[in-house]
Structures are given as C-alpha cells and as structure tokens.
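# Structural characterization, general
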Amino acid sequence: MQTINEVQQEIIEEFSIYDDWMDKYAIIIEQGNALQPLDEKYKIPENIIQGCQSRVWLQTDYCAGKLYFQAESDAIIVKGLLALVLRVFNGRTPDEIISVDLRFMKEIGLTEHLSPTRSNGLLSVIKQIRYYAIAYKAKAEKN
C-alpha cells in the first residue's frame, strides 16, 4: 500500500499536466462521479459535516487499527473533492492521519481556486476526519 505522501504526490502529478483550471475541475468532477454512493442508512444527521455550503455526509468505520471513510455530497464539485480526500485518508491508521502534512491541496492550486465557502467546507471535512482519528487513537490506547 502506498504511503499518504505517495498518494498525495500521485494526485499532484495527475493535476500537474493541466494548466487550465477548467481541465482541473473536469478531473475533480470525474473523481466525484467515480465515488461510490453512500448507503442511505448513513445519510443521517450525525454524519452531516457542519460548515459545508452543500450537504456532506461522512461515514467512518474503524477496523483492524485503520480508519475507513465513505462520503457523499449533493454538489458534484464537492463529491470530487471528497473523493480526493478519501483517496488520501482511507485505510490509514489514526497516527498517519493525525501526523500528515496535507500538502496536495495547496500544490494543485485548490486553495487558490475554491470559493471561500467550499474551502471552509473542505477544511471541515478534513477536521472531522482528524477528530475521528484522535478519538479512535485515544480509544485504542485505553483498551
């Protein structure tokens, strides 16, 4: 399995071949279209991420010391952003998630090209993923 930094580098390289942001948005949309739909049973208020302009659900499972995420949004660009974030974080240990320097967003230009509300929403998703990692780490250390 690739490390988080290897996955980030792969994403950076995929986006680096395009100069035009319309092409980059097309890749993001394509990623969102490939994201598995979230089962309706997980579309519950407890899984809604606060701080997002659109509706975003994040389902988290912890198995064999690793976190697994499923997510969905009612906005196509957001679905693509979720797909990128999940690609980086899925199947990782809490320590990996907590300690990673999440650089791919800045390096592909997302921080410059997303609206402030989309940026805040994306940061809310990442923050929630990190909260889950901290919580599961604490729970594992307790047992």
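A short tour of the structure in this document, coming up. (Residues numbered from 1 in each chain as written. Predicted model: local features only at pLDDT ≥ 70, side-chain atom pairs only at ≥ 80, totals over all residues. Heavy atoms only, no water.)

With that settled, the discussion passes to the nonpolar core. One broad trend across soluble globular proteins is that nonpolar side chains are buried collectively. In this structure, Phe89 and Phe104 are the most contacted members of the largest nonpolar core, which totals 40 residues. Taken together, the elements giving at least two residues each to this core come down to helix H1 (4-16), helix H2 (21-34), strand E1 (56-63), strand E2 (66-73), helix H3 (76-89), helix H5 (104-108) and helix H7 (116-142). Among the elements that line this core, the one with the most residues is H3, at ten residues. Beyond its immediate chain neighbours, meaning those up to four positions away, Phe89 contacts Leu67, Phe69, Ile97, Val100, Leu102, Ile126 and Ile129. (Core = buried A, V, L, I, M, F, W, Y, C linked by side-chain atoms within 4.5 Å. Buried < 20%, exposed > 50% of the residue type's maximum accessible area, 1.4 Å probe, protein only. Helix = DSSP H or I, 4+ residues; strand = E, 2+ residues; numbered from the N terminus. Contact = heavy atoms within 4.5 Å.)

What follows deals with the packing of H1 against H3. Interaxial distance between H1 and H3 falls to 8 Å at its minimum, and their mutual angle equals 145°. Along the contact surface, H1 presents Ile4, Val7, Gln8, Glu10, Ile11, Glu14 and Phe15, while H3 presents Leu84, Arg87 and Val88. Of the residues that constitute the contact of H1 with H3, the class distribution is six nonpolar, one polar and three charged. (Axes fitted to C-alpha atoms, helices over the stretch in contact; angles between N-to-C directions. Nonpolar A, V, L, I, M, F, W, Y, C, P; charged D, E, K, R; others polar.)

Moving on: the pattern of salt bridges. In the structure shown here, the tally under the stated rule is eight salt bridges. Across the pair Glu72 and Lys43 runs a salt bridge, and its minimum N-O distance is 3.1 Å. You can see Glu72 sitting in strand E2 and its partner Lys43 sitting in the loop between H2 and E1, a full 29 residues away along the chain. Judged by its relative accessible area of 12%, Glu72 falls in the buried class. Residue class for Lys43 comes out partly exposed when judged on its relative accessible area of 24%. Between Glu141 and Lys137 there is a salt bridge, with its nearest N and O atoms 4.0 Å apart. Of this pair, Glu141 and Lys137 are both found in helix H7, four residues apart, which corresponds to roughly one turn of the helix. (Salt bridge = Lys/Arg side-chain N within 4 Å of Asp/Glu carboxyl O.)

The next thing to look at is the pairing of E2. Of the strand pairs in this sheet, E1 and E2 are connected by eight bridges, and their pairing is antiparallel. When the sheet's bridge partners are listed, Cys63 is paired in E2 with Lys66. Counting the residues between successive antiparallel strands, the hairpin from E1 to E2 contains two residues, one of them, Ala64, with a positive phi of roughly 55°. (Pairing = 2+ DSSP bridges.)

Our focus in this paragraph is the environment of Trp21. Among the secondary structure elements, Trp21 is positioned in helix H2. By relative accessible area, which is 11% here, Trp21 ends up buried. Beyond its immediate stretch of four places on either side in the chain, Trp21 contacts Ile28, Ile108, Gly109, Leu110 and His113. There is a polar contact of 3.0 Å between the side chain of Trp21 and the side chain of His113. (Polar contact = N/O pair within 3.5 Å; in protein donor to acceptor, adjacent residues only side chain to side chain.)

We now examine H2. Because an α-helix packs 3.6 residues into every turn, residues spaced three or four apart end up facing the same way. Taking 1.5 Å as the rise per residue, H2 with 14 residues should run 20 Å; its terminal C-alpha atoms sit 20 Å apart, in good agreement. Turning to H2, its buried residues are Trp21, Lys24, Ile27, Ile28, Gln31 and Gly32. Buried residues of H2, seen end-on, are gathered within an arc of 140° and therefore sit on one face of the element. Opposite the buried face of H2, by more than 90 degrees, sit the exposed residues Met22, Glu30, Asn33 and Ala34. Residues of H2 that are buried in the fold lie against H1, H3, H5 and helix H6 (110-113). N-capping of H2 is provided by Asp20, with a side-chain oxygen placed 3.1 Å from the backbone N of Met22. (Expected span 1.5 Å × (residues − 1). Arc of directions from axis to C-beta.)

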